[in-house]
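Descriptive structure summary
Chain by chain, the residues:
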Amino acid sequence: MASRAVCPGSFDPITYGHLDIISRGAKVFDELHIVVLNNSSKKPAFSVNERMELIKEVTKDIPNIKVDSYQGLLVNYAREVKANAIIRGLRAVSDFEYEMQITSMNRVLYEELETFFIMTNNQYSFLSSSIVKEVAKYGGDISELVPPQVEKALQQRYIKM
């Protein structure tokens, strides 16, 4: 049986921290579904389709990646694509508490689904999409935080504002 994992997130926008987790996860699993979820508590800079296109662009050299979006419970998406694992990135101990609660609930809803936590590379431990958007909004240099395609998209987005 092929191993299939889901790497969920809002990816608004995708950063080098996300790519670190994605590329490492893609080495472990036969197939990795990057699923863009719409977080209703956040005001996104990019539409779901725009985020998916950016992810496809920056992961095009990773052959076992599939990019998708989903509205609803992650476990239902995992069932639909027959995934046996979820990959979650951790930046700090503070991330673990929240992720542990989500993992426990997912386990109640879909017992066969395992969650794998990957610690991000230390150089990205401070990095979040929110920080990137804030720096970009005020014209700061984000070239070491996001791929060039994302940097360009952010510049275009905030110049229009």
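Note that the structure is a prediction, hence the values are computed from the model and not measured.

How each quantity is defined
- Residues numbered from 1 in each chain as written.
- Predicted model: local features only at pLDDT ≥ 70, side-chain atom pairs only at ≥ 80, totals over all residues.
- Heavy atoms only, no water.
- Pairing = 2+ DSSP bridges.
- Helix = DSSP H or I, 4+ residues; strand = E, 2+ residues; numbered from the N terminus.
- Right-handed = clockwise from strand over helix to strand, strands pointing away.
- Axes fitted to C-alpha atoms, helices over the stretch in contact; angles between N-to-C directions.
- Contact = heavy atoms within 4.5 Å.
- Buried < 20%, exposed > 50% of the residue type's maximum accessible area, 1.4 Å probe, protein only.
- Arc of directions from axis to C-beta.

The next subject is the pairing of strand 4 (residues 85-90). Pairing of strand 1 (residues 4-9) with strand 4, which is carried by 2 bridges, proceeds in the parallel orientation. Paired with V6 across the bridge in strand 4 is I86. Relative to strand 5 (residues 114-119), strand 4 is paired through 6 bridges, and the arrangement is parallel. Paired with I87 across the bridge in strand 5 is F116. As a crossover connection, the stretch from strand 4 through helix 4 (residues 93-109) into strand 5 is right-handed.

Let us look at the sheet that holds strand 1. Taking strand neighbours across the sheet as the criterion, the 5 strands line up as 3-2-1-4-5 in an open arrangement whose pairing is parallel. This sheet does not close on itself; its edge strands, each paired only once, are strand 3 (65-70) and strand 5. Between one strand and the next, the sheet's axes are offset by a mean angle of 30°, whatever the strand orientation. In the packing of helix 1 (residues 16-28) onto the sheet, the strands contacted are strand 1, strand 2 (31-37), strand 3, strand 4 and strand 5, and the crossing angle to strand 5 comes to about 125°.

Moving on, we come to helix 2 (residues 48-58). For helix 2, the complete set of buried residues consists of V48, R51, M52, L54, I55 and V58. The buried residues of helix 2 all sit within an arc of 165° when viewed along its axis, so they share a single face.

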